[in-house]
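# Examining the three-dimensional arrangement
Residue-level listing of the chains:
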Amino acid sequence: MDQQNTYDKRNRRLWIGLAAPGAIWLLVLFVAPFYVMLSVAGGGINEFFQTVVPVWNPLHWSSFNFSAVWHDIVGAGAYIGPPALRTLLYTAIATAISLAVAYPVAYFVSRFAGGRKGLFLVLLIAPFWVSYMMRMLAWIDLLQQGGFFNSALSFFGLPGNTDWLGGKSVTVILGLVYGYIPYLILVLYAFLDRIDQRLLEAARDLGLSKWRTFWSVTIPLSKPAIVAGCFITALPMVGDYFTNQLLSAAPGTTMIGNAIEGQLDSPGQTGQGAVLALMLLVILLIPMVYYVMSTARASREMA
Amino acid sequence: MASTAESVSDPARPEPLHSGGRQRGNPWRRPWALEGFTWLYILWSIVPIGIAVLFSFNKGASQATWQGFSTKWYVGNQVTSVLHNPSLHHAVVQTLILGVLTTLICVPIGVGFAIGVDRWRTRTSQGLNLVMIFSFVIPELLLAVALFLLVTQALTFISLGTEAEVAGLVVWNLSWPAIIVRARLVSIGRSYEEAAADLGASRMGAIRRVLIPMLMPAIFASAVLVFASTVDDFVIVEQLSSTGNTQPMSVLIYSNVHGGLSGPALNALATILLVISLAAALIGFIAYRWMTRGERTQGSTEALTSIAGI
Amino acid sequence: MSGGHVKLESLTKRFDQATAVHEISLEIQAGEFFSLLGPSGCGKTTTLRMVAGFEPPTTGKILLDGVDVANLPPNRRQVNTVFQSYALFPFLTVAENVAFGLKYKSVPKAELNSRVAEALELVQLTGYEKRRPNQLSGGQQQRVALARALVLRPSVLLLDEPLGALDAKLRRTLQVELGVLQKQVGITFLYVTHDQEEALTMSDRLAVMNHGRVAQLGTPEEVYNEPADAYVADFLGVSNLMDARVQPGGDGKGPCQLRMGDFTLEAAAGRLDATGTVKLAIRPERIHVEPYETTGANRVPGMVERLVFLGSTTHVYVRLATGSTLQTLVRNDGAELPYSQGTAVSVAIPAEALRVLPDPAVSAAEIRDETVGNDVLDLTGTNSG
């Protein structure tokens, strides 16, 4: 509207002033660090101290670290492959399980909870406010050798002496699900709650049965929410390394995050850690850009 | 309709108009399966936490077998309780320091960012907004690594430890106020500020006396979220920590899970962390309801969803 | 009351390519209730916003009691606005809302409280001090907005379609109240509306605007009875525009003879010196529908096309033998109408009410399409733009 434009334009200096601190903080502490990462990746090592020597000028970047990482991926002593593949596998499975559990729950609470909606929401939001550490700690307690879970298994006559925390993929995957599913539920709930009831009523009025309405109307309408939800779940999951550390700590279940961490902490290999991190960033860039663009578009449509 | 014999259909069970499957009983029946599933999920989600909290009061040193009730891990034992053990004690303090500092810095600049970007309609501001959304969606590890390198290689005047941690946490959480306040801003519009100007307010005066009060619920909700997110944060803090006593609770728990401090002590720490977060959430909820008492439309669910950030 | 004299000199506002307001010049006397009337997009709101200070004019002057305020920001003008959406601050009580502007006038606390009480009494909201805006009805909110502006004792009060969001009955009540209030307070009111009934009811004078220009400026009676052109005639009420041709031989001063289809009519109002093709306008309430056999001057035979009952009046649509359809108005005084749909009638058009208008460019049919068939349920049988 013209009125809005005039008000905005007349006070332009004010808006720039208000946005400046945040903008500067973002540029210095979000954008610049990645440039530093590039410079370290393209830099060298101080052989004596085994510390990194970043190279700031792009023209002087060397491929030393890149080839070292490339070796680690495809060369003789390659060890990046397994964690990378495992990351993909774990994330895919964990996201799928999360979706399968989250959708029905979100659907139920948004459509059928009625007067108890508040109660359900509190229960669903609660894990959000329980720290990740606490939630993992809970399962560590339960899955220990002498813990509740094993006791319960032997109570039902099943073998009760499995070392769940000793390097099992199942544990890590379910740990990931447990950790990330609250976000997914809330995103799906927020969306399903806002679906216009009248669309569904119209469908029923036109003769569709409950199932048909669900498949032909509700699901297509939820597609953007499902996509957004999967992004919000899967993207952070890819960078996860601590779930594995807490619930397994065995080399057989490491994810790419562990590999990056490991290299960063090893003297002399920091540059390679930076390269690995950069590669992960580049791979994730496409889905991230897709998500950012569609969110920005959606919020512009709102405004 | 006269009561003739056969083919009068029962008005309580109308024939389905379309062949989308036969009408199975009452179309309004409660979806028991879905509800059961939901409760199962809720139990799976919450019960383990309850058990962990329970074990923080365990008399023995086991995290698996219950040996009686005791508060020794909190205050009793002279050596190992949170109150007396220095590293545990410092961890609690450090967590609170990080939480408060980050919130105090992040919320004002986030709110200013939201207002400025919303009205400064150029490509630059849209670009900045995109950068902010990126910070919301990137895996925390990548940012933590990049920040670590930044602080150790380039901006070395920022020392590792609390300084770097707060700087990183502010950037990581900037999207909370930026997004939440922006959403509220969109629904407010410009007319209130114009009214204030008409009545004699200067530009900044209109923002101070009118816009900010109207944004207060959103500002508060985002502050609560920033605090909880910071208090719980682990990745950035670990990456940017220095040697020494500056480990917050989350890092301490992580590093001691496989040995080190006794199990129930960790549970106690985690329980304290839980209480802090929940207290923040409760304060946020109550404050939000009080602030919107003049304009509430949906009751408690509105407050709940706002402080969850959706 | 000091001052309140407003003078606009060649006021123009351009937005990128479009000119919203085109060199408007007008003068509003101190203490006058002046309206800007026109359809959406005619520039009336833009003009108001320029006077308020929210829109800097492209060129021109805005003289408030002789001082050009065109470049003063809104908070430094002795002018206050009542917004269309009221814009009451939801986080403040009614009393705090009203007191808002007083904080900028360094008014001591005791005086502040008494002025707030005074303003609330003026709008009949005493006792509502502690309520919040969302607890008030639309009409009450509007009164708070009024009080909030009036408490500052501005020289001019600007009102931007303040009654737009209210239902018809409430609107009519408030129209009367606003008029009374204005006389009581004595401040100049500059009122913007698209509802011509509102403008006619409340204004001392009004300006009808069309695409950024003033089409006519005058008192309600002048503008309604002596519209300057077809646009004004048609905007204010139904004008039953018809095409006709002036017969040669008139002296340009007395009534002129016109030929409409096969019929000759005499017109004694409007541009009697016009020649060639012109437009004729006649108000519904001046037309007489009489039995078919009646004889006399200035008559056209016709047939009753439609009757629309509106409570206190009935609209009778009559199709003339010339092909045009006229809308006429009959008061429902209890007697049954002597005709019904399909009855042949004789339509008497008094010469002194038949108005010759310039603007032959727009064809009568075009304008008529918009007027016929719009049965807006109000008293004067008008269209709201």
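Residues numbered from 1 in each chain as written. Chains lettered and ligands numbered in written order. Predicted model: local features only at pLDDT ≥ 70, side-chain atom pairs only at ≥ 80, totals over all residues.

### Considering the overall build of chain B
- Summing up its helical and strand segments, chain B has 13 helices and 0 strands in all.
- The linear arrangement of helices and strands in chain B, starting from the amino end, is α-α-α-α-α-α-α-α-α-α-α-α-α.
- Here chain B, with 310 residues, has 47% of them falling under the buried criterion.
- When contacts within chain B are restricted to residue pairs at least 6 apart in sequence, those whose partners lie at least 24 apart make up 69%. (Helix = DSSP H or I, 4+ residues; strand = E, 2+ residues; numbered from the N terminus. Buried ≥ 20, exposed ≤ 12 C-beta atoms within 10 Å, placed from the backbone. Contact = placed C-beta atoms within 7 Å.)

### Some thoughts on the overall build of chain A
- The helix and strand tally for chain A stands at 13 helices and 2 strands.
- Relative to the compact-globule value of 19 Å for 303 residues, chain A shows a C-alpha radius of gyration of 24 Å, a clear excess of over 25%.
- Dimensions along the principal axes, computed over C-alpha positions, put chain A at roughly 75 × 75 × 30 Å.
- Relative to its full complement of 303 residues, chain A shows a buried share of 42%.
- Counting contacts in chain A only where the partners sit at least 6 residues apart, residues at least 24 apart contribute 65% of the total. (Rg over C-alpha atoms; globule rule 2.2 N^0.38 Å.)

### Describing the interface of chain C and chain B
- Facing 19 residues of chain C, the contacting portion of chain B comprises 15 residues.
- Residues that form the side of chain C that touches chain B fall into these classes: 11 nonpolar, 6 polar and 2 charged. (Nonpolar A, V, L, I, M, F, W, Y, C, P; charged D, E, K, R; others polar.)

### Some words on the sheet that holds strand 16 (residues 288-291) of chain C
All names here are of chain C.
- The strand order across the open sheet built from 5 strands is 16-20-17-18-19, with neighbouring strands paired in antiparallel fashion. Among the strands making up the open sheet, the edge pair consists of strand 16 and strand 19 (325-331). Adjacent strand axes in the sheet meet at a mean angle of 45°, parallel and antiparallel pairs treated alike.
- Two elements, strand 17 (residues 299-309) and strand 18 (residues 313-320), share 7 bridges in a ladder whose sense is antiparallel. From the neighbouring strand, Met303 faces strand 18, where its bridge partner is Arg319. (Pairing = 2+ DSSP bridges. Axes fitted to C-alpha atoms, helices over the stretch in contact; angles between N-to-C directions.)

### What about the interface of chain A and chain B?
- Taken residue by residue, the interface counts 89 residues in chain A and 86 residues in chain B.
- Among the elements that take part in the side of chain A that touches chain B, helix 2 (residues 12-41) of chain A stands out by supplying 20 residues, more than any other.
- Looking at the side of chain A that touches chain B residue by residue, the classes come out as 70 nonpolar, 13 polar and 6 charged.

### Details of the pairing of strand 13 (residues 263-267) of chain C
- Summarising the sheet, strand 12 (residues 256-260) of chain C and strand 13 of chain C pair through 5 bridges and their orientation is antiparallel. Within the sheet, the bridge partner assigned to Met260 of chain C lies in strand 13 of chain C and is Phe263 of chain C.

### Some points on the nonpolar core
- Grouped together as the largest cluster of nonpolar side chains are 277 residues, with contacts concentrated most on Met37 of chain A together with Val145 and Leu269 of chain B.
- Beyond its immediate stretch of four places on either side in the chain, Leu269 of chain B contacts Val82, Leu88, Ala91, Met249, Leu252 and Ile253 of chain B. (Core = buried A, V, L, I, M, F, W, Y, C linked by C-beta atoms within 7 Å.)

### Quick word on the pairing of strand 2 (residues 18-28) of chain C
Residues and elements named next belong to chain C.
- Where strand 1 (residues 6-15) lies against strand 2, 7 bridges are found, and the strand directions are antiparallel. Its bridge partner being in strand 2, Leu8 is matched across the sheet by Leu26.
- Here strand 1 folds back onto strand 2, and the loop between the two strands holds 2 residues, one of which, Asp16, carries a positive phi near 45°.

### What about the confidence of the model for chain B?
Residue and element names in this part refer to chain B.
- The predicted model of chain B averages 80 in pLDDT, with 82% of residues at 70 or higher.
- When the elements of chain B are averaged for pLDDT, helix 13 (residues 300-308) gives the smallest value, 68, and helix 6 (residues 162-173) the largest, 92.
- Residue range residues 1-10 is modelled with pLDDT below 50. Its contacts to residues more than four positions away, or to other chains, number 2 contacts.
- Low pLDDT, under 50, characterises residues 12-23; the predicted model gives this stretch 10 contacts beyond four residues in sequence or across chains.
- Across the interfaces of the predicted complex, the ipTM metric reaches 0.84, alongside a pTM of 0.80. (pLDDT = per-residue confidence, 0-100.)

### As for the packing of helix 3 (residues 86-119) of chain B against helix 9 (residues 203-232) of chain B
All names here are of chain B.
- The geometry of helix 3 relative to helix 9 is characterised by a closest axis approach of 8 Å and an angle of 145° between their N-to-C directions. Taken as a pair, helix 3 and helix 9 cross one another with a handedness that is right-handed. Facing Thr95, Leu98, Gly99, Thr102, Thr103, Cys106, Val107, Gly110 and Val111 of helix 3, the residues of helix 9 in contact are Ile219, Ser222, Ala223, Val226, Phe227, Thr230 and Val231.
- The residue inventory of the contact of helix 3 with helix 9, partitioned by class, reads 9 nonpolar, 7 polar and no charged. (Left-handed = near helix turned anticlockwise from the far one by under 90°.)

### Topic: the environment of Gly179 of chain A
Residues and elements named next belong to chain A.
- Position of Gly179 among the secondary structure elements: in helix 8 (residues 169-194).
- Classification of Gly179 as buried rests on a count of 24 C-beta atoms within 10 Å.
- If we skip the residues at most four places from it in the chain, Gly179 touches Tyr132, Arg135 and Thr243.

### Some details on helix 4 (residues 138-150) of chain C
Residue and element names in this part refer to chain C.
- Its 13 residues give helix 4 an end-to-end C-alpha distance of 18 Å, which sits within 8% of 18 Å, the value for a rise of 1.5 Å per residue.
- The element helix 4 is extensively covered by neighbouring structure, given that 10 of its 13 residues are classed as buried.
- Buried residues of helix 4: Gln141, Gln142, Arg143, Val144, Ala145, Leu146, Ala147, Arg148, Ala149 and Leu150, and no others.
- In the core, the buried residues of helix 4 are packed alongside strand 6 (79-82), helix 2 (94-99), helix 3 (109-122), strand 7 (156-160) and helix 5 (168-185). (Expected span 1.5 Å × (residues − 1).)

### Structural notes on the sheet that holds strand 10 (residues 213-218) of chain C
Residues and elements named next belong to chain C.
- Across the sheet, 6 strands lie side by side as 6-7-8-3-9-10; this open sheet has mixed pairing. On the outer flanks of this sheet lie strand 6 and strand 10, each paired with one strand and no other. Sheet twist, expressed as the average angle between the axes of neighbouring strands with direction ignored, equals 20°.
- Against the sheet, helix 4 makes contact with strand 6 and strand 7, and its axis sits at roughly 175° relative to strand 6, the strand it touches most.

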